[in-house]
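Residues per chain, in single letters:
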Amino acid sequence: MKVDILASGSGGNCIALTSGNSTILVDAGIAKTKIDKRLVEIGVQPMNVRAIFITHAHGDHIKGLPLANKYNIPVFASEGEWKDIQVVEDHLKRIVKAGKGIDFKDVFYIEAFNTHHDAYEPLGYSVYDYQGNRCSICLDTGHVDDEMISAMEFSSIYIIEANHEPNMVEVSDYPNNVKARILSDNGHLSNMQTAEALSRLVTGHGERIYLTHLSSSNNMPKLAEMTVKKALFKKGFKAGEHYDIEVV
């Protein structure tokens, strides 16, 4: 399975997963013209995208959804999140439920799982291809619970947010209510929370890890990477030997 992270962070999020000649998107949080361009840059014709899966309906995850209307692409989101998505034509709307699978015959099988964010019904996704690869995507969530671990375990690819360092949030110039939101159980994952989740998930069999959705104000790529590496080293795993890691 080929992974291309077309955008990551508060400015927009969009992930392309490709197996064979088929591509799906998880989130479409940048302008449709930018998604168009970036797909072509990675060798994917936008009209060949099979589906778009939405984690939740905040602007940095759905801004580019008019792309679906342009190319007649079905869009999958939870029933709750459709309350905040107005731009998709009715005939393209699909509802996905946690624990239920969506089967694209001979290409992808996608299962959704519940996450914890200040949205109506946010989801993460585990995506299987028919070559035996599995990619789990966990973006905006305030914490990772046992059910989420069970939904993601045994993946070969992890795409997970490492949003902030709590001390940096505390001393930032953000209003107190914004700080509280970020640090809450329905906010965003800290570097340590991400590291703890990955230390439960990674088995040292060559997994690929992508750290995403880093705050430009309250985190640093090297810090996020170091925190995860340190936690995995305690498990006996070394980057480049037992797993690969990239900060996006």
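Structure first, text after, so check above.
Criteria and thresholds
Residues numbered from 1 in each chain as written. Predicted model: local features only at pLDDT ≥ 70, side-chain atom pairs only at ≥ 80, totals over all residues. Heavy atoms only, no water. Salt bridge = Lys/Arg side-chain N within 4 Å of Asp/Glu carboxyl O. Buried < 20%, exposed > 50% of the residue type's maximum accessible area, 1.4 Å probe, protein only. Disulfide = S-S within 2.5 Å. Pairing = 2+ DSSP bridges. Helix = DSSP H or I, 4+ residues; strand = E, 2+ residues; numbered from the N terminus. Axes fitted to C-alpha atoms, helices over the stretch in contact; angles between N-to-C directions. Contact = heavy atoms within 4.5 Å.

K.L.:
Where do I start with the pattern of salt bridges in this structure?
P.N.:
Pairing between side chains becomes possible if they bear opposite charge and their charged atoms approach one another. This structure, assessed with the given rule, holds seven salt bridges. Here Asp4 makes a salt bridge to Lys2, at a shortest N to O gap of 2.5 Å. Between Asp90 and Lys93 there is a salt bridge, with the nearest N and O atoms lying 3.2 Å from each other. Of the residues examined, Lys93 reaches a relative accessible area of 32% and is grouped as partly exposed.

K.L.:
Hey, could you run me through the state of the cysteines in this one?
P.N.:
Applying the stated rule across the entire model yields zero disulfides. No disulfide involves Cys135; its sulfur sits 11 Å from that of Cys138, the nearest cysteine. Here Cys135 falls in the buried class, since its relative accessible area comes to 0%.

K.L.:
Is there a simple way to think about the sheet that holds strand β3 (residues 22-26) in this case?
P.N.:
Hydrogen bonds between backbone atoms are what pair the strands of a sheet, whose relative direction is either parallel or antiparallel. Reading across from one edge, β1-β2-β3-β4-β5-β6 is the order of the six strands in this open sheet, with mixed pairing throughout. Sheet topology places β1 (2-7) and β6 (93-95) at the edges, where each strand pairs with a single neighbour. Ignoring which end each strand starts from, the neighbouring axes of this sheet average 25° apart. With three bridges joining them, strand β5 (residues 75-77) and β6 adopt parallel strand pairing. What sits directly across from Ala77, in β6, is Ile95. Across the sheet, helix α1 (residues 32-41) touches β1, β2 (14-19), β3 and β4 (49-53), and the angle it forms with β1 is around 145°.

None of the figures reported here should be taken as evidence of function without further support.
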